[in-house]
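# Descriptive analysis of the structure
The primary structure of each chain is shown beneath.
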Amino acid sequence: MPLVVPGINSAPGPNQEEWLHKLAGKKITESSDSDVTSFAKKDLPESHRVIKPGDVVTMDYRADRLNIHVDDEGVVQNVNFA
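Residues numbered from 1 in each chain as written. Predicted model: local features only at pLDDT ≥ 70, side-chain atom pairs only at ≥ 80, totals over all residues. Heavy atoms only, no water.

Looking up the chain in an unreviewed UniProt entry gives the name Peptidase inhibitor I78 family protein, with the organism given as Aspergillus carbonarius.

The next point concerns the sheet that holds strand E5 (residues 76-81). In space, the 3 strands of this open sheet follow the order E3-E4-E5, with mixed pairing throughout. Each end of this open sheet is capped by a strand with a single partner; those strands are strand E3 (48-51) and E5. Pairs of neighbouring strands in the sheet enclose a mean axial angle of 20°, with direction left out of account. As paired elements, E3 and strand E4 (residues 66-70) share 4 bridges and run parallel to each other. Paired with valine 50 across the bridge in E4 is isoleucine 68. (Pairing = 2+ DSSP bridges. Helix = DSSP H or I, 4+ residues; strand = E, 2+ residues; numbered from the N terminus. Axes fitted to C-alpha atoms, helices over the stretch in contact; angles between N-to-C directions.)

In this section: the pairing of E4. For a regular strand, side-chain orientation follows a simple rule: the groups alternate between the two sheet faces. Across the 5 residues that make up E4, a large majority, 4, are buried. Here E4 runs beside E5; their pairing, made up of 5 bridges, is antiparallel. Directly across from leucine 66, in E5, lies its bridge partner phenylalanine 81. Between E4 and E5, which pair antiparallel one after the other, the connecting turn spans 5 residues, and glycine 74 there sits at a positive phi close to 85°. (Buried < 20%, exposed > 50% of the residue type's maximum accessible area, 1.4 Å probe, protein only.)

Written as structure tokens, this is what we have:
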């Protein structure tokens, strides 16, 4: 388990495990409501990015940015802050 130093490398609000619990197995949608199979994009933190297989992403570190890793079908597989 990585070292987490509050205020340095942890984001305020829900932590990584809480976001994974909320998002795992769901698709991120433009819909205004979340349900058992989807999660509304508007309910994500302002600083987030959805990463699909093969996407090129910057390597800059931002402790408040939620990275949402989805599979080829757009279903959330993992999340992390970076």
